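Now for the letters of each chain:
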Number of protein chains: 2
Amino acid sequence: MIVTVTLNAALDVTYHVPRLTAHATHRVSDVTARPGGKGLNVSRVLAALGHETVATGLAGGRTGEALREGMAAAAPGVTDALMTVRGETRRTVAVVDAASGDTTMFNEPGPLVGAEEWAAFLRRYAELLDGARAVALCGSLPPGLPVGAYAELVRAARTAGVYVLLDTSGEALRRGIAARPDAIKPNADELAQLTGLTEPLRASGEARRRGARAVVASAGPAGLLAVAEEGVWQAPVPERLEGNPTGAGDSAVAGLLSGLAEDLPWPDRLARAVALSAATVLAPAAGEFDHKAYERLLPLTEVTEGHKAA
Amino acid sequence: MIVTVTLNAALDVTYHVPRLTAHATHRVSDVTARPGGKGLNVSRVLAALGHETVATGLAGGRTGEALREGMAAAAPGVTDALMTVRGETRRTVAVVDAASGDTTMFNEPGPLVGAEEWAAFLRRYAELLDGARAVALCGSLPPGLPVGAYAELVRAARTAGVYVLLDTSGEALRRGIAARPDAIKPNADELAQLTGLTEPLRASGEARRRGARAVVASAGPAGLLAVAEEGVWQAPVPERLEGNPTGAGDSAVAGLLSGLAEDLPWPDRLARAVALSAATVLAPAAGEFDHKAYERLLPLTEVTEGHKAA
């Protein structure tokens, strides 16, 4: 069983407008809402791959209810173990401009989480670790949580002997990495921000020195670079993609963890992560993956040992 | 008792961002939500003036629940007679740009209302008219309602012998006016759009020929112009105002109807409408009015008979 943790889940709302003009009034022609949050996306992909997965984290208020209802409908294979908090789950609003196709995003900060709620979550989390093969810790922290929250979750997983992957950014990543997660999955920006280095192999090495046992760095079309104790591998995206990259990183995490759960070696995990990620870019709906594209791309994905600097 | 009707109520959400940039991602620093909808604003002001008022209209889904909860808290003197519909009440999102102070608005369309829901609302409305002194029909129509919906509500009020004021725009106003409401309260733009005329006195005359028994036209600092069977009056705003005009028109409607309910003559109703409207612009929170400013401005508001063209 694979556990995912989404501490700052969101209801992702999309507004369609004919043309976005700053400081004007817009009639929104079409409104859609779907459950968001990186850990929930990871669980959704894991369930689609046939893995048993439990999604935990925090959800509250009417938006939290809408999120959970949406999850039950959109991802029936995912076990909902979200903990209810008093604050209101956040929304993200993506305004899609029909004239240019561009998107303007507004991300609410999320619920203010109390200390006793966090303590209750830690108990819930410890129970879920019992029997888990791996856990993915995903996304930003809501207001009120200590910045070292992920470090605490990493330590608890390591104590329980559960493989732990951390996928976050900024200070939460900086603090979480020091607790020695089994893997991190930063994109190029996040890795550069963490280490101050822009060359991926050197930056990954630096991230490992700071505590990550393995680093899987994503760089768009360049695919994934894995730097682990066992070796260094690179897996470029097998073809040029046009599509929506939303959720591609979450699908990569699902690929890595599903491969781990099946005891696949690093190159196979990496190939799966790249193919799933690419199949997510190609899917018509943001954050889902195209199963046929995945099956087509998986055998085309080549993983090479070592790393050639660009 | 004064009834207000808000068929397309909204939860008005405000996002604060440091600077709005089209096609960028924004972290929203602060989120507030308050019940919106023109009829609800009218009822809130009427209740603050000590009038008995019932707010009806349509509300649905989780956003409808949040709206009603907010109403109960913010306007305890208003009787909630909103009818529950299956669709989801809309949100409006106002993005306030701290750099410029400007606001960018996104207005959702509102719930799709079914024919049987509309029929049920007409029954509820007929019950409320029994015992009402006046009714205000306010704002836009949600999707699914016939464009002649307001005409139907105007006719029912007239049949019941209840004074009916219509405050809407576009095709809903054009169709509603033909049913001969006792008054309409267009702003300069709405009046010009309705009649094709820009000179207020001539445009008001044309609106009366189309069916409105009285026209109270608002024109920002120029105040209100009333054109009725009984005469023509003009009431400019007594001083230059700096503030937020949101809700000023709704306060004017509340002023007119509270004066009517107290059997005040036209000039006194108009003075009250102008002073309330100005006190709304001066209030720190959008859509509320500053009681002290109202009491100060009321005796300063001069109403003159006749109309001088600008």
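Residues numbered from 1 in each chain as written. Chains lettered and ligands numbered in written order. Predicted model: local features only at pLDDT ≥ 70, side-chain atom pairs only at ≥ 80, totals over all residues. Heavy atoms only, no water.

**Digging into the pairing of strand β9 (residues 134–138) of chain B**
All names here are of chain B. Among the five residues that make up β9, five are buried, leaving the element largely enclosed by the rest of the structure. Of the two faces of β9, the one carrying Ala134, Ala136 and Cys138 and the one carrying Val135 and Leu137 are both buried. Pairing of strand β1 (residues 2–6) with β9, which is carried by five bridges, proceeds in the parallel orientation. In the sheet register, valine 3 faces β9, and the bridge partner there is valine 135. As paired elements, β9 and strand β10 (residues 163–167) share five bridges and run parallel to each other. Paired with valine 135 across the two strands is valine 164, which belongs to β10. Handedness of the crossover joining β9 and β10 through helix α4 (residues 149–159): right-handed. (Buried < 20%, exposed > 50% of the residue type's maximum accessible area, 1.4 Å probe, protein only. Helix = DSSP H or I, 4+ residues; strand = E, 2+ residues; numbered from the N terminus. Pairing = 2+ DSSP bridges. Right-handed = clockwise from strand over helix to strand, strands pointing away.)

**Points about the sheet that holds strand β3 (residues 25–27) of chain A**
Reading across the sheet, the five strands line up as β3(A)-β8(B)-β7(B)-β2(B)-β4(B) and stay open at both edges, with mixed pairing between neighbours. Edge positions in the open sheet fall to β3 of chain A together with β4 (30–36) of chain B, since each of these has one partner strand only. Geometrically, the sheet is characterised by an average inter-axis angle of 20° between neighbouring strands, direction not taken into account. Both strand β2 (residues 10–17) of chain B and β4(B) contribute to a ladder of seven bridges, which runs antiparallel. (Axes fitted to C-alpha atoms, helices over the stretch in contact; angles between N-to-C directions.)

**Details of helix α6 (residues 188–195) of chain B**
Residue pairs three or four apart in sequence face the same way in an α-helix, which turns once every 3.6 residues. Residues and elements named next belong to chain B. Those residues of α6 that fall on the buried side of the exposure criterion are Glu190, Leu191, Leu194 and Thr195. Seen end-on, α6 carries its buried residues on one side only, within an arc spanning 115°. Seen from the open side of α6, the exposed residues pointing more than 90 degrees away from its buried face are Asp189 and Gln193. Of the surrounding elements, those touching the buried residues of α6 are α5 (170–177), β11 (183–184), α7 (200–209) and β12 (215–218). One side-chain oxygen of the residue at the start of α6 lies 3.1 Å from the amide nitrogen of aspartate 189, identifying that residue as asparagine 187. (Arc of directions from axis to C-beta. Contact = heavy atoms within 4.5 Å. Polar contact = N/O pair within 3.5 Å; in protein donor to acceptor, adjacent residues only side chain to side chain.)

**Quick word on the interface of chain A and chain B**
The interface is formed by 30 residues belonging to chain A together with 30 residues belonging to chain B. Both sides together, the interface formed by chain A and chain B hides about 2500 Å², and carbon and sulfur atoms give 53% of it. Linking chain A to chain B there are four salt bridges. The interface formed by chain A and chain B holds 20 residue pairs in polar contact (both at pLDDT 80 or more) in total. Listed by contribution, the elements that provide at least two residues to the side of chain A that touches chain B are β2 (10–17), β3, α2 (61–74), β7 (90–97) and β8 (103–107) of chain A. (Buried area = accessible area lost by both parts, 1.4 Å probe. Salt bridge = Lys/Arg side-chain N within 4 Å of Asp/Glu carboxyl O.)

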